[in-house]
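For reference, the chains in residue letters:
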Amino acid sequence: MAHIKDVDIVYFDSGDLSEQTERDREMVIRKAFHDIPLEFDVKNQARVHLWYEKKFGYPIQPYRSVEAAINTWPTTATAIAARIDQRGYKICAPFGLNDLLGMIVRPNKTQITKEIYEAKVSRWIKHWPDLTIIPWNKA
């Protein structure tokens, strides 16, 4: 868990776009995992478009599902989610698992900018020098 900034927990509820509901769900998660020394960032992917421009400087279209959101996450290695359903674990990895397992960081240019990508990789490489970073202009 060294140098992990947070754990992202995402859900999709287009019927409730309130920030308060999102915060309430985050508090439930934090209480349930109070013994884990990590921050939990709980986000309703149906409401990301409401705050994205303020945080990143440009607007995005509303997502239609959690999977649609994951398809836009900043790197191929981090565009991965897992959930449990009635049949067991379900993995959503639109770019596969090779980059994650191979410690390769490659930009997913679907939505992020070069500046966002480079800020992420400059922080990550300090903590994990064995990462293979694919430069923005080579991806």
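Provided above is the structure to which this section pertains.
Residues numbered from 1 in each chain as written. Predicted model: local features only at pLDDT ≥ 70, side-chain atom pairs only at ≥ 80, totals over all residues. Heavy atoms only, no water.

(A) Highlighting helix α5 (residues 114–127). Here α5 contains 14 residues, and its C-alpha end-to-end distance of 20 Å stays within 8% of the 20 Å for a straight helix at 1.5 Å per residue. Among the residues making up α5, those that are buried are Ile116, Tyr117, Val121 and Trp124. Projection of α5 onto a plane perpendicular to its axis shows the buried side chains occupying an angular sector of 120°, all on one side. For α5, the exposed residues lying more than 90 degrees away from the buried face are Glu115 and Lys126. Those residues of α5 hidden inside the fold are in contact with α2 (48–56), β5 (104–105) and β6 (132–133). (Helix = DSSP H or I, 4+ residues; strand = E, 2+ residues; numbered from the N terminus. Expected span 1.5 Å × (residues − 1). Buried < 20%, exposed > 50% of the residue type's maximum accessible area, 1.4 Å probe, protein only. Arc of directions from axis to C-beta. Contact = heavy atoms within 4.5 Å.)

(B) Spotlight on the packing of aromatic side chains. Considering all chains together, one arrives at 5 aromatic pairs under this definition. Here Trp51 and Tyr52 contribute two aromatic rings whose centre-to-centre distance is 6.3 Å and whose plane-to-plane angle is 35°, an arrangement assigned as tilted. On the accessibility criterion, Trp51 (23% relative accessible area) is partly exposed. Aromatic ring contacts, followed pair by pair, group Trp51, Tyr52, Phe56 and Tyr58 into a single cluster. Positioned above the aromatic ring of Trp51, the side-chain terminus of Lys43 is 5.9 Å from the ring centre. A cation over an aromatic ring shows up here: Lys109 above the ring of Trp136, its NZ or CZ 4.9 Å from the ring centre. (Phe/Tyr/Trp six-rings, centres within 6.5 Å; stacked < 30°, edge-to-face > 60°. Lys NZ or Arg CZ within 6 Å of the ring centre and 35° of its normal.)

(C) Fine view of the pairing of strand β3 (residues 81–85). For β3 and strand β4 (residues 88–92), the ladder comprises 5 bridges, and the chain directions are antiparallel. Of the residues in β4, the one forming a bridge with Ile84 is Tyr89. (Pairing = 2+ DSSP bridges.)

(D) Highlighting the pairing of strand β1 (residues 6–11). Relative to strand β2 (residues 39–44), β1 runs parallel, the two sharing 6 bridges. The partner of Val7 across the bridge, within β2, is Phe40.

(E) Fine view of the nonpolar core. Tyr58, Ile60, Ile70, Val105, Ile112 and Tyr117 are the most contacted members of the largest nonpolar core, which totals 21 residues. Of all the elements in the fold, those that place two or more residues in this core are α2, α3 (66–70) and α5. Per-element accounting of this core gives the leading share, 4 residues, to α5. Every residue in contact with Tyr117, bar those within four places of it in the chain, is listed here: Pro74, Thr75, Val105, Arg106, Pro107, Ile112, Ile133, Ile134 and Trp136. (Core = buried A, V, L, I, M, F, W, Y, C linked by side-chain atoms within 4.5 Å.)

(F) The arrangement of the side chain of Gln111 in detail. Turning to its location among the elements, Gln111 is positioned in the loop between β5 and α5. A distance of 2.8 Å separates the side chain of Gln111 from the side chain of Tyr63, its partner in a polar contact. (Polar contact = N/O pair within 3.5 Å; in protein donor to acceptor, adjacent residues only side chain to side chain.)

(G) Geometry of unusual backbone geometry. Non-glycine residue Met103 carries a positive phi angle of around 55°. Here Met103 lies in the loop between α4 (98–101) and β5.

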